[in-house]
Amino acid sequence: MSTASERARMPSIRDVARLAGVSHQTVSRVLNDHPSIRPETKAKVLDAISVLDYRPNLAARALVTSKSNMLGVLSATIGEFGPTSSIASIEDAAREEGYSVSTLNLADTTPEAIGTAVRQLAREQVDGIVVLAPQVRVFHVLRGMSSDIPFVNLQTASGSDGVSLSADQVAGARAATEHLIALGHSDILHLAGPQDWIEAESRMRGYLDGLREADLPTFPPIRGDWTADFGYFAGQELSRRRDFTAVFAANDLMAIGLMHGFRDAGVRVPHDVSVIGFDDIPVAAHVAPTLSTVHQDFPELGRRAVRILLAQIRGEQVPEFGPLKTLLRARESAASR
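Since the structure is predicted, the reported quantities are computational estimates derived from the model, not experimental observations.

Asker: Can you walk me through the overall build of the chain in this structure?
Answerer: Assigned secondary structure in the chain consists of 13 helices and 11 strands. Across the 337 residues that make up the chain, the buried fraction comes to 48%. A separation of at least 24 residues holds for 69% of the contacts in the chain among residues at least 6 apart in sequence. Total accessible area computed for the chain in this model is approximately 16300 Å², and 50% of it derives from carbon and sulfur atoms.

Now the structure itself:
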């Protein structure tokens with residue numbers, strides 16, 4: 001059975017018009033919610049749409065059911081492993097519940113860009129929005145916008161509206177730092193993420209908590225940009241210093257770049273310097289040396305987000321989830337001092 005023949009049997013706008021006893025232009029005006037249409041005419045057209053299950057797009061269905069059966073995803077983390085994994089999980093979980101997903105990637109996070117994206121999702125009549133935008137300023141903008149669309153945040157932001165979900169970033173970073181301390185390291189640097197990123201601040205806090213608890217000295221953080229290129233640059237620069245024995249990097253890409261930079265500068269990992277990352281991206285287990293890191297379950301975050309959002313949409317009791325536990329993966333890049 002061909003796709004073309006299936007499309008040929010689908011009801012058309014003229015079928016709807018014929019059943020409702022109106023012109024196809026009138027059906028079009030109903031679909032576009034034109035103010036000139038009389039209530040009784042609109043009712044006849046909507047009845048015909050319902051009987052024929054006419055679906056040129058989600059707009060017709062939304063008119064009949066007041067639901068589009070579409071979820072929106074607003075993402076400001078283009079191409080990163082964690083958010084990409086969560087979005088794939090959101091799409092799978094939504095599909096199982098009869099929902100489709102419309103994803104908008106923010107090229108920048110200016111108030112204008114965020115407002116434009118939210119308005120676009122509203123025009124698509126999404127029933128709810130998952131926000132994967134871990135910059136603090138994004139939540140400031142969302143909090144100031146007037147919208148009846150329920151949403152759930154896949155990060156934790158102090159004072160953010162909506163329901164928030166996250167992995168326990170602080171506990172994971174603290175576990176990484178404590179692992180290095182247990183290996184005998186006392187001079188530990190932190191290659192941090194960008195300022196204003198919630199994840200970066202949480203991981204730095206865990207690192208500082210671990211050092212404070214062990215009464216060890218702290219160093220000014222090195223602010224990175226999450227990329228392996230920056231990690232490589234940092235490795236080259238840090239190779240000129242000898243006041244540390246370990247580095248906790250805020251994500252795996254920077255950690256992998258860091259090890260590459262160290263290697264090209266003649267610094268051996270883990271013989272001279274131990275390195276540990278965060279995220280447990282798939283390649284972390286296949287670099288040389290294999291990367292010690294902190295694992296977090298990105299797909300489970302996506303599944304939980306859909307469960308919470310659908311409960312809000314359906315007026316059901318919203319499930320309560322604590323922070324998702326993280327897990328230390330000890331591999332070859334961190335060794336005893």
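Asker: Would you take a moment to explain the nonpolar core for this structure?
Answerer: A general feature of soluble globular proteins is that nonpolar side chains tend to end up buried together. Counting 27 residues, the largest nonpolar core has L191, V247, L258, F262, V275 and L291 as the members making the most contacts within it. Counting only elements with at least two residues in this core, the list comes to strand 6 (188–192), helix 11 (228–238), strand 8 (246–249) and helix 12 (252–264). Sorting elements by how many residues they give to this core places helix 12 first, with six residues. Those residues in contact with V275, other than ones at most four positions away along the chain, are V247, A255, L258, M259, F262, V269, L291, S292, S333 and A334.

Asker: Honestly, the sheet that holds strand 6 in this entry has me stumped. Any pointers?
Answerer: Within a sheet, neighbouring strands are paired by backbone hydrogen bonds and run either parallel or antiparallel to one another. Reading across from one edge, 7-6-8-9 is the order of the four strands in this open sheet, with parallel pairing throughout. Two strands close off the open sheet at either side, each with one partner strand: strand 7 (222–223) and strand 9 (274–276). Here strand 6 pairs with strand 7 via two bridges, running parallel. Directly across from L191, in strand 7, lies its bridge partner I222. Contacts between helix 11 and the sheet are confined to strand 6 and strand 7, with strand 6 contributing the most and set at about 150 degrees to the helix. Packing of helix 12 onto the sheet brings it into contact with strand 6, strand 8 and strand 9, and relative to strand 9 it is tilted by some 160 degrees.

Asker: What is the right way to read helix 12 from this model?
Answerer: Since there are 3.6 residues in each turn of an α-helix, residues three or four apart along the chain are aligned in direction. Across its 13 residues, helix 12 extends 18 Å between first and last C-alpha, which sits within 8% of the 18 Å expected from 1.5 Å per residue. Within helix 12, the full set of buried residues consists of D252, M254, A255, I256, G257, L258, M259, G261 and F262. Its buried side turned inward, helix 12 meets strand 6, helix 11, strand 8, strand 9 and strand 10 (293–295). Following helix 12 by one or two positions, G266 has its phi on the positive side, about 85 degrees.

Asker: When you look at the packing of aromatic side chains in this model, what are you seeing that I'm missing?
Answerer: Here the distance between the centres and the angle between the planes together describe a pair of aromatic rings. Scanning the model with the defined rule gives five aromatic pairs in all. For the pair F81 and F298, a centre-to-centre distance of 5.8 Å together with 90 degrees between the ring planes defines the contact as edge-to-face. Pair noted here: F81 is in helix 6 (residues 81–96) and F298 is in helix 13 (residues 298–314), with a separation of 217 residues, a long-range link. Looking at F81, the relative accessible area reads 34%, which means it is partly exposed. Using a relative accessible area of 6% as the deciding quantity, one classes F298 as buried. Between F230 and F233, the ring centres sit 6.0 Å apart and the planes meet at 55 degrees, which makes this aromatic pair tilted. Taken as a pair, F230 and F233 lie in helix 11 at a separation of three residues, close to a single helical turn.

Asker: Would you mind going over the packing of helix 9 (residues 169–182) against helix 10 (residues 198–213) with me for this structure?
Answerer: Angle between the axes and distance between the axes are the two parameters that describe a pair of packed helices. Two elements in contact, helix 9 and helix 10, have axes separated by 7 Å at closest approach and are oriented at 40 degrees. Viewed along their axes, helix 9 and helix 10 adopt a mutual orientation that is oblique. Once helix 9 is placed against helix 10, the crossing between them reads as right-handed. Across from Q169, V170, A173, R174, T177 and I181 in helix 9, the residues of helix 10 making contact are E199, S202, R203, R205, G206, Y207, D209, G210, L211 and E213. In the contact of helix 9 with helix 10, the residues fall into five nonpolar, five polar and six charged.

Asker: Looking at this structure, I do not really get the pattern of salt bridges. What am I missing?
Answerer: Opposite charge on two side chains lets them pair, provided their charged atoms get close. Under the definition given, this model contains 17 salt bridges. Taking the shortest distance from any N to any O, the salt bridge between R268 and D272 comes out at 3.1 Å. Taking the relative accessible area as the measure of exposure, R268 reaches 49% and is therefore partly exposed. A residue is classified by how much of its surface remains accessible, and D272, at 28% relative accessible area, is partly exposed. Put simply, D280 and R331 hold a salt bridge, and the shortest N to O gap is 3.1 Å. Separated by 51 residues along the polypeptide, D280 in the loop between strand 9 and strand 10 and R331 in the segment after strand 11 (327–329) bring together distant segments of the chain. Residue class for D280 comes out buried when judged on its relative accessible area of 12%. Residues joined in a network through salt bridges with shared partners are R174, E178 and E213.

What counts, and at which threshold
- Residues numbered from 1 in each chain as written.
- Predicted model: local features only at pLDDT ≥ 70, side-chain atom pairs only at ≥ 80, totals over all residues.
- Heavy atoms only, no water.
- Helix = DSSP H or I, 4+ residues; strand = E, 2+ residues; numbered from the N terminus.
- Buried < 20%, exposed > 50% of the residue type's maximum accessible area, 1.4 Å probe, protein only.
- Contact = heavy atoms within 4.5 Å.
- Areas by Shrake-Rupley, 256 points an atom, 1.4 Å probe, with all protein chains shown as cover.
- Core = buried A, V, L, I, M, F, W, Y, C linked by side-chain atoms within 4.5 Å.
- Pairing = 2+ DSSP bridges.
- Axes fitted to C-alpha atoms, helices over the stretch in contact; angles between N-to-C directions.
- Expected span 1.5 Å × (residues − 1).
- Phe/Tyr/Trp six-rings, centres within 6.5 Å; stacked < 30°, edge-to-face > 60°.
- Parallel < 35°, antiparallel > 145°, perpendicular 65-115°, else oblique.
- Left-handed = near helix turned anticlockwise from the far one by under 90°.
- Nonpolar A, V, L, I, M, F, W, Y, C, P; charged D, E, K, R; others polar.
- Salt bridge = Lys/Arg side-chain N within 4 Å of Asp/Glu carboxyl O.

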